[in-house]
Amino acid sequence: MYISQTNSTNTWLKEHPDCEVVWTSFQTAGRGQAGNSWESENGKNVLFSMRIKRPEVAVDKQFALTMVASLAVWYVVKGLLPDEEVKIKWPNDIYVGKGKICGILIESRLADNAVEEAIVGIGLNVNQTDWMGDAPNPTSVKIVSGKEEDVAQVSSMLERAIREKMELLGNWGELKKQYMSALFRLNEVAQYAEREVSVVPSRILIGAQKEAFEARIVDVTEQGELVLQQGGEMKKYHFKEIQFVL
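Described in the following lines is the structure provided in the data block.

Brief notes about the environment of T139
And then number 1: Examined against the element boundaries, T139 turns out to sit in the loop between β7 (114-124) and α3 (141-145).
And then number 2: Measuring from C-alpha to C-alpha, the distance between T139 and I101 comes to 5.1 Å, with 38 residues separating the pair along the chain.
And then number 3: Those residues in contact with T139, other than ones at most four positions away along the chain, are G99, K100, I101, N125, W131 and V144.

Okay, here's the thing in structure tokens:
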């Protein structure tokens, strides 16, 4: 379903339980991970949310949904930019080179110790070339290719890709294989910095970033933890606990 404007496609879908997919030209209160806002120029980008009812995934392994959504976007962006290096930056940002082209926000509702539904929200930069906010490294399909794309067509491509990748939910081995093959910095020595995170509410503590260190990504667990190797030591990190130094 298309609507010209809403506060947030995720929020709109929560308020309309009979609708499965919605996309819009403009969000007045677009949301990203960790409480961040999502800036998008009117009519320029894909702003899309999809409801997945009763996905076949255990409560403690919901990261599989993040993998599915990330792979779907990766597949679409790679199709639009076949000659570029397109990667999934853990947990679910899509990068072209060192520029962020897409963010994903997944919100799940639980019932009887099962995932009743998940709403997958996607903001994919298609034709926008300027940003007013302080996002550090945004890019778009148009910036990279120099060509404008049909936003509605890209939205349809994205919906099809999610439905196709959903078939991997019952095959953890293949799902992880595809996710890891597209992972940004896998097995590369690079810089990271730990962050202090308050538990309630979950948020990054300002000024609490620690000194950067060199490590390499060696794995991602079923619970979505990033596994870094620093020398002979392996350490797992939850989302928000570690920052990529770009």
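Here we look at the sheet that holds strand β8 (residues 189-194)
And then number 1: Reading across from one edge, β13-β12-β11-β8-β14 is the order of the five strands in this open sheet, with antiparallel pairing throughout. Each edge of the open sheet carries a strand with a single partner, namely β13 (233-237) and β14 (242-244). The mean inter-strand angle of the sheet, taken between neighbouring strand axes irrespective of direction, is 50°.
And then number 2: Pairing between β8 and β14: three bridges, direction antiparallel. Within β14, the residue paired with E194 across the bridge is I242.

With respect to helix α4 (residues 151-165)
It helps to recall that an α-helix has 3.6 residues per turn; residues three or four apart then point in one direction.
And then number 1: For α4, spanning 15 residues, the distance from its first C-alpha to its last is 21 Å, which sits close to the expected 21 Å at 1.5 Å a residue.
And then number 2: Of the positions making up α4, those classed as buried are V151, V154, S155, L158, A161, I162 and K165. Along α4, the residues classed as buried sweep out an arc of 125° about the axis, all on the same side.
And then number 3: In the core, the buried residues of α4 are packed alongside β2 (21-27), β3 (46-53), α2 (63-80), β7 and α5 (172-181).
And then number 4: Measuring from the side-chain oxygen of the N-cap residue of α4 to the backbone nitrogen of A152 gives 3.0 Å; that N-cap residue is D150.

Considerations on the state of the cysteines
And then number 1: For the structure on display, the rule yields zero disulfides.
And then number 2: No disulfide involves C19; its sulfur sits 20 Å from that of C102, the nearest cysteine.
And then number 3: Judged by relative accessible area, C19 falls into the buried class, the value being 14%.

Rules used in this analysis
- Residues numbered from 1 in each chain as written.
- Predicted model: local features only at pLDDT ≥ 70, side-chain atom pairs only at ≥ 80, totals over all residues.
- Heavy atoms only, no water.
- Helix = DSSP H or I, 4+ residues; strand = E, 2+ residues; numbered from the N terminus.
- Contact = heavy atoms within 4.5 Å.
- Pairing = 2+ DSSP bridges.
- Axes fitted to C-alpha atoms, helices over the stretch in contact; angles between N-to-C directions.
- Expected span 1.5 Å × (residues − 1).
- Buried < 20%, exposed > 50% of the residue type's maximum accessible area, 1.4 Å probe, protein only.
- Arc of directions from axis to C-beta.
- Polar contact = N/O pair within 3.5 Å; in protein donor to acceptor, adjacent residues only side chain to side chain.
- Disulfide = S-S within 2.5 Å.

So, to be careful, I would describe these as geometric facts and stop short of saying anything about function.
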